[in-house]
Protein chains: 4
Amino acid sequence: MAGNSFGTLFKLTTFGESHGKAIGGIIDGCPAGLTIDFDAIETEMNRRKPGQSKIVTQRKEPDTVQFLSGIFEGKTTGTPIGFMIENSNQKSKDYSHIKDSYRPSHADLTYDQKYGHRDYRGGGRSSARETASRVAAGAIAKQLLKPISITAYTSSVGTLKLDKPYTDVDFSEIENNPVRVADSKMAVEMENYIKHIRKQGDTVGGTVTCVIKNVPMGLGEPVFDKLHAELGKAMLSINAVKGFEYGSGFKGTTMTGSQHNDEINPDHTTKTNFSGGIQGGISNGMDIYFNVAFKPVATIMQSQPTINKEGDNVTMEGKGRHDPCVVPRAVPIVEAMAALVLADFWMRDKVSTL
Amino acid sequence: MAGNSFGTLFKLTTFGESHGKAIGGIIDGCPAGLTIDFDAIETEMNRRKPGQSKIVTQRKEPDTVQFLSGIFEGKTTGTPIGFMIENSNQKSKDYSHIKDSYRPSHADLTYDQKYGHRDYRGGGRSSARETASRVAAGAIAKQLLKPISITAYTSSVGTLKLDKPYTDVDFSEIENNPVRVADSKMAVEMENYIKHIRKQGDTVGGTVTCVIKNVPMGLGEPVFDKLHAELGKAMLSINAVKGFEYGSGFKGTTMTGSQHNDEINPDHTTKTNFSGGIQGGISNGMDIYFNVAFKPVATIMQSQPTINKEGDNVTMEGKGRHDPCVVPRAVPIVEAMAALVLADFWMRDKVSTL
Amino acid sequence: MAGNSFGTLFKLTTFGESHGKAIGGIIDGCPAGLTIDFDAIETEMNRRKPGQSKIVTQRKEPDTVQFLSGIFEGKTTGTPIGFMIENSNQKSKDYSHIKDSYRPSHADLTYDQKYGHRDYRGGGRSSARETASRVAAGAIAKQLLKPISITAYTSSVGTLKLDKPYTDVDFSEIENNPVRVADSKMAVEMENYIKHIRKQGDTVGGTVTCVIKNVPMGLGEPVFDKLHAELGKAMLSINAVKGFEYGSGFKGTTMTGSQHNDEINPDHTTKTNFSGGIQGGISNGMDIYFNVAFKPVATIMQSQPTINKEGDNVTMEGKGRHDPCVVPRAVPIVEAMAALVLADFWMRDKVSTL
Amino acid sequence: MAGNSFGTLFKLTTFGESHGKAIGGIIDGCPAGLTIDFDAIETEMNRRKPGQSKIVTQRKEPDTVQFLSGIFEGKTTGTPIGFMIENSNQKSKDYSHIKDSYRPSHADLTYDQKYGHRDYRGGGRSSARETASRVAAGAIAKQLLKPISITAYTSSVGTLKLDKPYTDVDFSEIENNPVRVADSKMAVEMENYIKHIRKQGDTVGGTVTCVIKNVPMGLGEPVFDKLHAELGKAMLSINAVKGFEYGSGFKGTTMTGSQHNDEINPDHTTKTNFSGGIQGGISNGMDIYFNVAFKPVATIMQSQPTINKEGDNVTMEGKGRHDPCVVPRAVPIVEAMAALVLADFWMRDKVSTL
């Protein structure tokens, strides 16, 4: 009930604060017999980790995942997969500025009000460091889901938008640039813009687009646990996310039914795909695609007015090494969460019929 | 696991198909001692029911809720609240056109693929009739949540937008017009537009905005079950929803951190509210506000090409009495789902601390 | 969380008080495509219902199950199965004696203390009437589980014991006598004893033995949800149950390992079956067998001292028509709960491996 | 669904195999603000650990619990408590005898049949080593539950029974003898008997009695999650348990209602306590007491016939250092599981009323 688990049959529970001994989690429900590709997990971890390029935070964390159980002789055993990622350089920092004062648009105040007692170091449990556990688990989910492919990319940074449908972009460009935008020209513009923002000690938001291909028909549970409802929840649970839309999304609200309806072909594909690959909460075999909105990172390297625990007005200076734009590092997190959603529905679909 | 329950501590499970004997549900976890206002429940049911105005479906269903258990001498007992809404005129219809053919952008095909066997009458379980159970349960949730107020209204129909922040609109206008838009002038425009669309045998989408006031600090569970993540899932689980955004939403992605951060006042309010009343997944006491995108209703009164079970191309004619725009009747459903989310977190917050 | 659901993938949630409008439930997770035998459900209901013989309560309740959803053209659709059993003659009774006083060894006092407000009529939610919903759901679970057979019988009434292992009794005798003991001679003794007890206005306890045959290997989840742990919980959740043992049970504690170990044959059967068909929480294909202890019914037709709400000493007279021994009617309830446990593990096992 | 979690609001999920890198778990739902007594946790771990006396296994494992998260400055923060116990000497063993052959009355065969692939080293996940995680979590639950006291003791070993009600024994004797029997004279007899059994290379069963005092009225959820049903499940989930009875238990079945009913005093205590402190599944404030039956340990130091993977008859020799009687080390495990049950209901009761 405390909200640290995701999924039902393929279930991830995470633990850990930003500056405790370790973060990690338990995957309960991964079926027995899955061969684990540890290199693939490391690849995903590296896509998320700090310090990977000049436009992300320059903190150094190796983010090595140690698996403690559930995998034997390279294959899953059906027992829970416990894993841990040590917090390597958590000791030497100075947190006095956030111990007693509340950072604007952070969770400092709400945690204090809810729990009375919080680990304030580096944001504690509210830090996006927790998402490292999601990426580790998502990497295993991806392996379970073969041959489904899940591909996310940066589709806007601030007002710079990659104004093309996903069908017109080149996915192979994504990992060629530090912004993870699927367009080489836009990559340069966005990178320069992020550098400019960082120099100002400021941050900026953006959007990530995600495309899922080769989904079999039938994934998703209608009514409350619609496939897109769980995708939405998954995305909105990522730090800094403010919105989610799939298929025609917000633009679809301006269309008429005669424009929006997707005509069905004899092979069960549809001529258009405004539905975004989901009908009635269940996958129809077409591509699933959606957009995720990220607000600008709240930690800025500028002086800001705020209050302290006593309610006095104080001035806070940003410290440390933070991301000027969260979007490039969010790309693998979006993919991981999508993989966790699909892995869960993959399992759930096995019990829909006799 | 089959996705028919919503909530954890205040939990609604619904049952029922559009044209079976009855729909209904069980609320498990409503605390003992709550005095139930049955008139208030009926009011909410009437806001959702068909035939309430000229711009919604002209079907006649009284939608009377029968409570079967859990309430004694006008108060809840802490035992499950079972309730039922009879499907009054479900017998005489002709469903041959949807028994063997798949309506475009409906769940007919995906249900058939997933389950092999479905109740095709009136859409069966995939019909929005199921939302009547949500409104009944949501009406009880609202009573639990006093003095929190939850107010939704139509904020766009097609391209007609009520282009004002919620702080500038007059909530008292909402129930004065059949569109449920919070503006008397826009009400006329939207009503005329919906009538125009209906005459064409077409449908149109729109958006609903919802505002929640008087929320105490501390509701929401951080990490996976963030308050806005559950609100997002709740909204996306409503039939025809394609998108959700809260606070600054998609527009917030174009802002910088220095613009977007909400400065905290000594009384714990914030000067701005781009955060939408939620920080780190936990309510901060400011207004919560969000937008929900509805696609145009898929059932149109025009002839459309599609396929039948054998995969032959066939032409389908829309039949029956359907909504030209789902948004006016969706307003109480959005409120009901928001109430269910908040009631659940209200309960969950009771166990956060010693 | 309020404890009104049983199972995880094949999940029953029940509602209803003894003297409300109706009791009933929702089965969520029954797979699509199961042909329902309604006569078989009625047969189970008749085995549990009051008034079926001279040694059970003489109340008259038809206990007809109305299915409201989830079954179409005789087969399950994968959507929730809502059902209801009306409380036919709940209106005319007089409950003043239990409204303000607490019956000894009943739940009157604990409900009052826990909830503050309770439906006292006929015991309300704490009445064994709730088990009618379990029998209805269990009857469907049995149909899902074919060809597994689940057979329970009375194995003792008071000090009268059927002192034979289950392998030596004749199951075909069970329904030939109102006690449901698997032995025609013991049937007469037990029946006479129960009549004798009833004449004294007293009640007596007893035990039920249950045997499950044709269970495939592999059902059960090790660690917390061991097959026998869930069976134990299921049985202990039945009104009046005080104990549960399976396989060698309490007697097994006096044995040595060399006596108790079940030698494995090349065909995976075992030479003995002290394990009771379960090893490490997982079925091994041998017969599962267990005993369930029922205390004497608390409602006796004798005058008893107790207290009222004000804490005054009062005398209470038993009223109404009650069972002198719960065991004969408990037999189908034990079977129903066993069926619910197995149906759930049947579904859960589908997701253990790739 | 894979059965590795226990509890709902105070929820423990465990991971780990006997000879993997580590075992451990996550406690999710421990409320914020609880001061943790780490010495008390170590004390409980030491009561369970191997090598503590001459009548238990002579393996040496320090069983030090490392807490990784959820506790800050000595107090819980409301975030998940991750913990880990390293498997210190897991490397050098030889498991060839159990890799390909199935030990009688062990889970080797059922795991193989269920999962296809298992970690056979030392029993893997089916090893009672997993219970170390339960004891760690139970020690925290005990701290939450103050001033409730939970005391278990050995009440029989083989046919040697401590034939007194719990009200007549001296709890202060329990930790004075390695058998953990609450009687100094019986302690010598039982210890000698266990030594005798061990010399024969054999094992023996026994029972544990547990008494819970100072329980407030109102804990437990009626219907499926009755307090005694969850206690029963908890006990039956411990390795080697074959039975559970509470209050009057199996003996109560031979009593009449007039004997068995517990008369209520004006102060809400009862004159007798055959109910075992629970009525209708809810605690009534009287002592809760129950018995747990443990079978003889399956691993014996004698040669036994069995089969291998190919189905050939083979002879197996017991190896390693095992417990001749599991009961002395089971005592703290019984207490830990009782604590987990009560902590969960403690939390659940907070949401029963407004």
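Residues numbered from 1 in each chain as written. Chains lettered and ligands numbered in written order. Predicted model: local features only at pLDDT ≥ 70, side-chain atom pairs only at ≥ 80, totals over all residues. Heavy atoms only, no water.

Turning next to the UniProt feature "binding site: FMN" (unreviewed entry) in chain A. Residues and elements named next belong to chain A. In this structure's numbering, the residues bearing the UniProt feature "binding site: FMN" (unreviewed entry) are Arg 125, Ser 126, Ser 127, Asn 239, Ala 240, Gly 280, Lys 295, Pro 296, Val 297, Ala 298, Thr 299 and Arg 321. A maximum C-alpha distance of 44.3 Å shows the annotated residues, which cover 197 residues in sequence, to be distributed over more than one spot. For the second largest cavity, the lining residues among the annotations just cited are Arg 125. Along the chain, Ala 240 turns up in the loop between helix 6 (227–236) and strand 11 (241–246). For Ala 240, the contacting residues outside a window of four places in its chain are Ala 293, Phe 294 and Lys 295. Assessed through its relative accessible area of 10%, Thr 299 is described here as buried. Among the polar contacts listed, one links the side chain of Thr 299 to the side chain of His 106, at a separation of 2.7 Å. (UniProt positions renumbered as here; feature names shortened; annotations may be inferred. 1 Å grid on protein atoms, 1.4 Å probe; cavity = no way out; pocket = protein on both sides within 12 Å on 5 of 7 lines; lining within 4 Å. Helix = DSSP H or I, 4+ residues; strand = E, 2+ residues; numbered from the N terminus. Contact = heavy atoms within 4.5 Å. Buried < 20%, exposed > 50% of the residue type's maximum accessible area, 1.4 Å probe, protein only. Polar contact = N/O pair within 3.5 Å; in protein donor to acceptor, adjacent residues only side chain to side chain.)

Moving on, we come to the pairing of strand 15 (residues 303–307) of chain A. As judged from the five bridges shared by strand 15 of chain A and strand 16 (residues 313–317) of chain A, these two strands associate in the antiparallel manner. Paired with Ser303(A) across the bridge in strand 16 of chain A is Glu317(A). (Pairing = 2+ DSSP bridges.)

Let's shift gears to empty space enclosed by the protein. For the structure shown, the criterion picks out 14 cavities of 30 Å³ or more. Its boundaries defined by the atoms lining it, the second largest cavity holds a volume of some 140 Å³. Taken together, 18 residues line the second largest cavity, and the ones lying closest to its centre are Ala2(A), Glu221(B), Ser352(B), Gly29(D) and Gly78(D). By residue class, the composition of the lining of the second largest cavity is ten nonpolar, five polar and three charged. (Points joined across faces, edges and corners; volume = space filled by probe spheres on them. Nonpolar A, V, L, I, M, F, W, Y, C, P; charged D, E, K, R; others polar.)

Bringing the sheet that holds strand 1 (residues 5–6) of chain C into the picture now. Residues and elements named next belong to chain C. Strand order in this open sheet of five strands is 1-2-3-7-4, and the pairing throughout is antiparallel. Both edges of this open sheet fall to strand 1 and strand 4 (65–67), since each of them pairs with a single strand only. Two elements, strand 1 and strand 2 (residues 11–15), share two bridges in a ladder whose sense is antiparallel. Opposite Ser 5, over in strand 2, you have Thr 13 as the bridge partner.

Moving on, we come to the relation of the copies chain A and chain B. Of the transformation placing chain A onto chain B, the axial shift is 0.0 Å and the rotation is 180°, giving an RMSD of 0.0 Å. The two molecules are tied by a two-fold rotation axis, judged by turn and shift. Mapped onto chain B, 100% of the interface residues of chain A are again interface residues, and the two copies thus contact each other with one and the same surface. (Least-squares fit on C-alpha atoms with pLDDT ≥ 70 in both.)

Residue and element names in this part refer to chain A. In this model, Lys 146 is joined to Pro 147 through a cis peptide bond whose omega is 10°. Take Pro 147: it is sitting in the loop between helix 4 (131–144) and strand 8 (149–157). At His 268, a position not held by glycine, the phi torsion is positive, near 75°. Positionally, His 268 belongs in the loop between helix 7 (257–260) and strand 12 (278–279).

Residue and element names in this part refer to chain A. Taken as a whole, this structure holds 34 aromatic pairs over all chains when the rule is applied. Ring centres of Tyr 166 and Tyr 289 lie 5.0 Å apart, and the angle between their planes is 40°; this geometry places the pair in the tilted category. Of this pair, Tyr 166 sits in the loop between strand 9 (160–161) and helix 5 (184–199) while Tyr 289 sits in strand 14 (residues 288–294), and the two are 123 residues apart along the sequence. As far as the burial class goes, Tyr 166 and Tyr 289 line up, both buried. (Phe/Tyr/Trp six-rings, centres within 6.5 Å; stacked < 30°, edge-to-face > 60°.)

The next subject is helix 6 (residues 227–236) of chain B. Summarising burial for helix 6 of chain B: ten of the ten residues are buried, a large majority. The set of residues buried in helix 6 of chain B consists of Leu227(B), His228(B), Ala229(B), Glu230(B), Leu231(B), Gly232(B), Lys233(B), Ala234(B), Met235(B) and Leu236(B).

To continue, consider the relation of the copies chain C and chain D. For the pair chain C and chain D, the best superposition has an RMSD of 0.0 Å and corresponds to a rotation of 180° with a translation of 0.0 Å parallel to the axis. Comparing contact sets, 100% of the residues at the interface of chain C also lie at the interface in chain D, consistent with an isologous, same-surface contact.

Residue and element names in this part refer to chain C. One can describe the packing of helix 6 (residues 227–236) onto helix 8 (residues 327–349) by two numbers: an axis separation of 9 Å at closest approach and a directional angle of 145°. Crossing of helix 6 against helix 8: the hand is right-handed. Only Val 334, Met 337, Ala 338, Val 341, Leu 342 and Phe 345 of helix 8 make contact with helix 6, whose side of the interface consists of Leu 227, Glu 230, Leu 231, Ala 234 and Met 235. (Axes fitted to C-alpha atoms, helices over the stretch in contact; angles between N-to-C directions. Left-handed = near helix turned anticlockwise from the far one by under 90°.)

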